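So the chains spell out like this:
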Amino acid sequence: MAPAAAASFLSPSTIHLPTTIVPLRPRAFSNLSLSSSSPLIQLRRRSRMGSMGTDKKRSIASSDHLRHVESMAQLPSGAGKIQRLNAVILGEALASEEDDLVLPSEEFSSQAHVSSPRQYLEMYSRSIQDPAGFWSEIGSQFYWKETWAPEVVSENLDVRKGAVKIEWFKGALTNICYNALDRNIEAGYGDKVAIYWEGNELGQDGQLTYKELLEKVCQLANYLKSVGVGKGDAVVIYLPMLMELPIAMLACARIGAVHSVVFAGFSAESLAQRIVDCKPKVVITCNAVRRGSKPIHLKDIVDNALVESTKNDVPVGLCLTYENPSAMKREATKWQDGRDVWWQDVVPTFPTECPVEWVDAEDPLFLLYTSGSTGKPKGVLHTTGGYMVYTATTFKYAFDYKPSDIYWCTADCGWITGHSYVTYGPLLNGATVIVFEGAPNYPDVGRCWDIVDKYKVTIFYTAPTLVRSLMRESSEYVTRYSRKSLRVLGSVGEPINPSAWRWFFNVVGDSRCPISDTWWQTETGGFMITPLPGAWPQKPGSATFPFFGVQPVIVDEKGNEIEGECSGYLCIKNSWPGAFRTLYGDHERYETTYFKPFAGYYFTGDGCSRDKDGYHWLTGRVDDVINVSGHRIGTAEVESALVSHPQCAEAAVVGIEHEVKGQGIYAFVTLIEGVPYSEELRKSLILTVRKQIGAFAAPDKIHWAPGLPKTRSGKIMRRILRKIASRQLDELGDTSTLADPGVVQQLISLSDC
């Protein structure tokens, strides 16, 4: 199969649409006063034409697999208790607290890959009714050394029917690095900029074209092969956001090695834990990095981690270290001869061409560790073929990507967003990507918009945490910059509250740019519920509707699917190409965590509400995982770090709402007998968590607890702790079943201590 030109990759014309769709009648906006020439009226007309002109309204429950998407053919009437509906047309008005809908402009929709509700519904219907045909046609746009067998997908998500198994494109041979780099060069994009790098300090920058990027990837790949790294071997990457980070990921993929990127903010203990689990042949790091004005000595952290891993019988014989001279000079770096090697001394000496290792679509691509409800992080394993197809497809449609776009995702490659939407998804589409080393508030909080203007960024994808943080500052830090290049905004990591959505839309996007408010997870590999910016009106704070091939359902505590307007547990029915395949070395935990809570479904662990128009509203985690600034942190992991402190007898951690971070970490701490409460001890406990896990996991609040509310069987009643932490003291409920009900009043009395 010949390589496809990047410019035509995944064009809508390659999708064969069904000849019929479900007939539906659009709902009128009876309370809107708009002229017949209004873009909203025009959108209503397009929707009517797409509804096949029937007056017979189907029951929302009449079609199993499309029942909550079919209502999209009717324009929405509003969510919840909204008394009055206003429609905002992009570029014409501000979204206020009273405005419910934000519609794409006629100009934007007319040029979008998916330009109407009808087109979305046709494509979505096909992806559900014929997933094999739908994804085969998209998959055929990539290069495969050998194509897949007739069976495109093989799956079992029901633990009652045997082991959980998901396979897509099994038997096909491909390579994601080849598709991301060689294929684009062969299509004539060798001189196009692949990566713009922006350093921590103003004036530090660099760039690589696709051809230059491939050469550097090949040099590192050849070096790794020379030291014995081959197909299936693990490589741990502990790097900041230098260009060498995506280079290292792509080099591993090129030779079939399995990369495991560890966020360069994790402590030595957390890094060692991941090294012990995946047993890498090589660890790649750099000597230091500056985040804002603060230097971080990464090599020292790696040295301590390697000492710890050796104690656990997992020695690593090679630490490849990149010299980052702006943060630390070579001569100031601690060194271990025989193990440590400078990147600059060896990698540039290797050839700039490296043969591709063709791998099966189901061969492992990377491991990424994510926190769970137990103390041990989970090694999420993604394979090659399905992940490649899914990340590329979601990137193109969710951001309405065009070859002329300049794309910036502010995420670090240490998290899944940096894998799917800094490295693989964009490069597979031949995009130009910005990699930013620094902090978004350094040297001041206008840094993001300075970068947007400098590189003429058109697509800006960030976390609600950053949006809320910037909201707290003067809008002048935004408006002093042009930002006229922006055309699409994106939100990732956690639900974005409507007020932050409106500020992002009104101030950053000048009321011009639709927002792709994406819901997905490390485990899903790519977007699951997301707006398609040219296709459908948006409700601030809602992730809207499912991506192609995704079947979300909301269930009650017994696993029964709930119809219509409701709230419950979010599950996914059937698989999708980007789904993770297992937890490394622990398939039983994989099944227990994700597939046993509600048999027959993938359980996301998130709560979700669906309004009467079918829009989805994510309500956060329902398990013992806290989502802090988009980073999932297991409560057990933080508790384990706290009780390692010599003066801590017991700890219980819950999540609370946080104005900036979405969720904050609230820790109830019981000290050993005779130890007095003190501010010094509070700081020492927080420092212990920072040291063992990382600064991002540091508790926002230490609440002294002479005892914890427990049942007579010893189970901690976290429900009560959450109410105390949130000051919802009138909602404590029945405490009579506690072994010591009096402990609740003790905790309340210590709330401000």
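Residues numbered from 1 in each chain as written. Predicted model: local features only at pLDDT ≥ 70, side-chain atom pairs only at ≥ 80, totals over all residues. Heavy atoms only, no water.

**Concerning the overall build of the protein chain**
Logical step 1: Helix and strand counts for the protein chain stand at 21 helices and 32 strands.
Logical step 2: The proportion of buried residues among the 753 residues of the protein chain is 62%.
Logical step 3: For the protein chain, the share of sequence-separated contacts (at least 6 apart) that also reach a separation of at least 24 residues comes to 73%.
Logical step 4: Carbon and sulfur atoms form 50% of the exposed surface of the protein chain, whose accessible area is close to 27200 Å². (Helix = DSSP H or I, 4+ residues; strand = E, 2+ residues; numbered from the N terminus. Buried < 20%, exposed > 50% of the residue type's maximum accessible area, 1.4 Å probe, protein only. Contact = heavy atoms within 4.5 Å. Areas by Shrake-Rupley, 256 points an atom, 1.4 Å probe, with all protein chains shown as cover.)

**What about unusual backbone geometry?**
Logical step 1: For the bond running from Tyr442 to Pro443, omega is 0°, close enough to zero to count as cis.
Logical step 2: Turning to its location among the elements, Pro443 is positioned in the loop between strand 19 (432–436) and helix 13 (447–455).
Logical step 3: With a phi angle near 60°, Arg483 is a residue other than glycine that sits in the positive phi range.
Logical step 4: Among the structural elements, Arg483 can be located in the loop between helix 15 (476–479) and strand 21 (488–491).

**Structural notes on the sheet that holds strand 23 (residues 552–555)**
Strand pairing within a sheet occurs via backbone hydrogen bonds; the two strands may be parallel or antiparallel.
Logical step 1: Spatially, 23-24-26-27 is the arrangement adopted by the four strands of the open sheet, whose pairing is antiparallel. The open sheet is flanked by strand 23 and strand 27 (616–621), the only strands paired with a single partner. Taken over all neighbouring pairs, the strand axes of this sheet differ in orientation by 45° on average, direction set aside. (Pairing = 2+ DSSP bridges. Axes fitted to C-alpha atoms, helices over the stretch in contact; angles between N-to-C directions.)

**Some details on the nonpolar core**
Logical step 1: Core analysis: the largest hydrophobic core is formed by 176 residues, its most contacted members being Phe169, Leu213, Leu220, Phe548, Leu642 and Val669.
Logical step 2: When residues of this core are assigned to their parent elements, the largest contribution, nine residues, is made by helix 6 (residues 210–226).
Logical step 3: Aside from chain neighbours lying at most four places away, what touches Leu220 is Ile247, Ala248, Ala251, Leu320, Trp343 and Val347.
Logical step 4: Val193, Tyr196, Cys448 and Ile496 belong to the second largest nonpolar core, which has 32 residues in total. (Core = buried A, V, L, I, M, F, W, Y, C linked by side-chain atoms within 4.5 Å.)

**A short note on the packing of aromatic side chains**
The way to describe two aromatic rings as a pair is by their centre distance and the angle between their planes.
Logical step 1: This model, assessed by the stated rule, comprises 58 aromatic pairs.
Logical step 2: On the basis of an interplanar angle of 15° and a centroid distance of 4.0 Å, the ring pair of Tyr421 and Phe527 is categorised as stacked. Of this pair, Tyr421 sits in helix 12 (residues 416–428) while Phe527 sits in the loop between strand 22 (515–517) and strand 23, placing them 106 residues apart in sequence.
Logical step 3: Under the relative-accessibility criterion, Tyr421 is labelled buried at 0%.
Logical step 4: You can call Phe527 buried: its relative accessible area is 0%.
Logical step 5: Among the aromatic residues, those joined into a cluster by ring pairs are Tyr120, Tyr124, Phe134, Trp135, Tyr390, Tyr397, Phe547 and Phe548.
Logical step 6: The ring centre of Phe266 lies 4.3 Å from the NZ or CZ of Arg274, which sits over that ring. (Phe/Tyr/Trp six-rings, centres within 6.5 Å; stacked < 30°, edge-to-face > 60°. Lys NZ or Arg CZ within 6 Å of the ring centre and 35° of its normal.)

**Digging into the pattern of salt bridges**
Side-chain pairs of opposite charge can arise whenever the charged atoms involved come near each other.
Logical step 1: Under the definition given, this model contains 35 salt bridges.
Logical step 2: Here Glu122 makes a salt bridge to Arg118, at a shortest N to O gap of 2.7 Å. Linking Glu122 with Arg118, this pair stays in helix 3 (residues 117–129), spanning four residues, or about one helical turn.
Logical step 3: Look at Arg118 and you get partly exposed, because its relative accessible area is 32%.
Logical step 4: Between Lys539 and Asp611 there is a salt bridge, with the nearest N and O atoms lying 2.9 Å from each other. You can see Lys539 sitting in the loop between strand 22 and strand 23 and its partner Asp611 sitting in the loop between strand 26 (602–610) and strand 27, a full 72 residues away along the chain. (Salt bridge = Lys/Arg side-chain N within 4 Å of Asp/Glu carboxyl O.)

**With respect to the side chain of Lys299**
Logical step 1: Its place among the elements puts Lys299 in helix 9 (residues 298–311).
Logical step 2: Residue class for Lys299 comes out buried when judged on its relative accessible area of 1%.
Logical step 3: Among the polar contacts made by the side chain of Lys299, one reaches the side chain of Asp340 at a distance of 2.7 Å.
Logical step 4: Look past the residues within four positions of Lys299 in its chain and what remains in contact with it is Thr285, Cys286, Asn287, Cys319, Thr321, Thr333, Lys334, Trp335, Arg339 and Asp340. (Polar contact = N/O pair within 3.5 Å; in protein donor to acceptor, adjacent residues only side chain to side chain.)

**Quick look at helix 19 (residues 679–692)**
Logical step 1: End to end, helix 19 covers 20 Å across 14 residues, agreeing with the expected 20 Å (1.5 Å per residue, within 8%).
Logical step 2: Along helix 19, the residues classified as buried are Leu681, Arg682, Leu685, Thr688 and Val689. Summarising the axial view, the buried residues of helix 19 lie within an arc of 120°, below the 170-degree limit, and thus occupy one face. Across helix 19 from its buried face, at more than 90 degrees, point the exposed residues Glu680, Lys683, Leu687 and Lys691.
Logical step 3: Of the surrounding secondary structure, the elements contacted by the buried residues of helix 19 are helix 18 (635–643), strand 30 (648–658), strand 31 (662–671) and strand 32 (701–704).
Logical step 4: Once helix 19 finishes, Gly694 follows within two positions and takes phi at roughly 150°, a positive value. (Expected span 1.5 Å × (residues − 1). Arc of directions from axis to C-beta.)

**Here's the deal with the sheet that holds strand 22**
Logical step 1: Across the sheet, seven strands lie side by side as 7-6-19-18-20-21-22; this open sheet has mixed pairing. Of all the strands in the sheet, the pair left with one neighbour each is strand 7 (205–209) and strand 22. Going from strand to strand, the sheet's axes swing by 20° on average, the running direction of each strand aside.
Logical step 2: The pairing of strand 6 (residues 193–198) with strand 7 spans five bridges and is classified as antiparallel. When the bridges of strand 7 are listed, Glu198 appears paired with Asp205.
Logical step 3: Each of strand 6 and strand 7 is contacted by helix 6, which is oriented at about 90° to strand 7, the strand it contacts most.
Logical step 4: Each of strand 20 (459–462), strand 21 and strand 22 touches helix 16 (residues 498–508); the most contacted strand, strand 22, lies at about 155° to it.

**Quick word on the pairing of strand 24 (residues 566–572)**
Logical step 1: As paired strands, strand 23 and strand 24 are joined by four bridges and run antiparallel to one another. Across the sheet, the residue bridging to Pro552 is Ile572, located in strand 24.
Logical step 2: Examined bridge by bridge, strand 24 and strand 26 share six bridges and lie antiparallel to one another. Bridged to Cys571 within strand 26 is Phe603.

**Overview of the confidence of the model for the protein chain**
Keep in mind that low pLDDT regions are not for reading the predicted coordinates in detail.
Logical step 1: Across the protein chain, pLDDT averages 86, with 85% of residues at or above 70.
Logical step 2: Long-range and interchain partners of residues 1–65, a stretch whose pLDDT sits below 50, account for 136 contacts in this model, where long-range means more than four residues apart.
Logical step 3: When the criterion is pLDDT under 50, residues 71–87 qualifies, and its contacts beyond four places in sequence or with other chains add up to 63 contacts. (pLDDT = per-residue confidence, 0-100.)

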